Amino acid sequence: HKGFGLAFMIDVLTACLPGANLSPDIPGDPASPEPEGTGHCFMAIRADGLRGRAAYDSSVARLVAVVHGARRAEGVEPFMIPGEREANAAGQRAK
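Draft legend 1. Just the overall build of the chain, in detail. Assigned secondary structure in the chain consists of 3 helices and 0 strands. For the chain, the succession of helices and strands along the chain, N to C, is α-α-α. A compact globule built from 95 residues would reach a C-alpha radius of gyration of about 12 Å, whereas the chain, at 18 Å, exceeds it by more than 25%. Sorting the 95 residues of the chain into buried and exposed places 6% on the buried side. Expressed as a percentage of contacts within the chain between residues at least 6 apart in sequence, the contacts between residues at least 24 apart total 16%. Summed over its atoms, the accessible surface of the chain is roughly 8100 Å², and 61% of this surface lies on carbon and sulfur atoms. For the chain, the centre of its 10 positive side-chain charges and the centre of its 11 negative side-chain charges are spaced 15 Å apart.

So, in structure tokens, the structure goes:
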């Protein structure tokens, strides 16, 4: 249920609010000459405005640990959080 709710709200924020195409109406062919008509939504949330910064950081660290420690099939690469692959690559390039 959470996945559907999140997907629904993404469509509300990126299609309904700015007047862009709803996700089912976006052309499926990326080579199509027709514009996709996708929309965007940008927001900033001050986490420490909702709860203490240390508690927030602790919750995020726990979530990252759960993702990294998740069981996976043999031969499957470790799960990463969004942006982690790019951060690792930047770190390697900086060496």
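Draft legend 2. Inspection of the packing of aromatic side chains at higher detail. Scanning the model with the defined rule gives 1 aromatic pair in all. Here Phe4 and Phe8 contribute two aromatic rings whose centre-to-centre distance is 6.0 Å and whose plane-to-plane angle is 40 degrees, an arrangement assigned as tilted. Of this pair, Phe4 and Phe8 both sit in helix H1 (residues 2–16), 4 residues apart, which is roughly one turn of the helix. Here Phe4 falls in the exposed class, since its relative accessible area comes to 63%. A relative accessible area of 47% places Phe8 in the partly exposed class.

Draft legend 3. The arrangement of the side chain of Glu84 in detail. Inspection of the secondary structure assignment puts Glu84 in helix H3 (residues 84–94). Arg85 is the oppositely charged side chain nearest to the buried, salt-bridge-free Glu84, at an N-O distance of 8.5 Å. Here His68 takes part through its side chain, which lies 2.9 Å from a polar atom of the side chain of Glu84. Ignoring sequence-local partners within four residues, the contact set of Glu84 consists of His68 and Phe79.

Draft legend 4. Spotlight on the state of the cysteines. Counted under the stated rule, the structure contains 0 disulfides. With no disulfide partner, Cys16 has as its closest neighbouring cysteine sulfur the one in Cys41, 12 Å distant. Overall, Cys41 belongs to the partly exposed group, its relative accessible area being 30%.

Draft legend 5. View of the pattern of salt bridges. Evaluation of the coordinates by the stated rule reveals 2 salt bridges. A salt bridge links Arg46 to Asp48; the nearest nitrogen and oxygen atoms lie 2.9 Å apart. With a closest N to O distance of 3.0 Å, Asp57 and Arg53 form a salt bridge. Taken together, the positions of Asp57 and Arg53, both in helix H2 (residues 53–69) and 4 residues apart, correspond to about one turn of that helix.

About the thresholds
Residues numbered from 1 in each chain as written. Predicted model: local features only at pLDDT ≥ 70, side-chain atom pairs only at ≥ 80, totals over all residues. Heavy atoms only, no water. Helix = DSSP H or I, 4+ residues; strand = E, 2+ residues; numbered from the N terminus. Rg over C-alpha atoms; globule rule 2.2 N^0.38 Å. Buried < 20%, exposed > 50% of the residue type's maximum accessible area, 1.4 Å probe, protein only. Contact = heavy atoms within 4.5 Å. Areas by Shrake-Rupley, 256 points an atom, 1.4 Å probe, with all protein chains shown as cover. Lys, Arg positive; Asp, Glu negative; His and termini not counted. Charge placed at Lys NZ, Arg CZ, Asp CG, Glu CD. Phe/Tyr/Trp six-rings, centres within 6.5 Å; stacked < 30°, edge-to-face > 60°. Salt bridge = Lys/Arg side-chain N within 4 Å of Asp/Glu carboxyl O. Polar contact = N/O pair within 3.5 Å; in protein donor to acceptor, adjacent residues only side chain to side chain. Disulfide = S-S within 2.5 Å.

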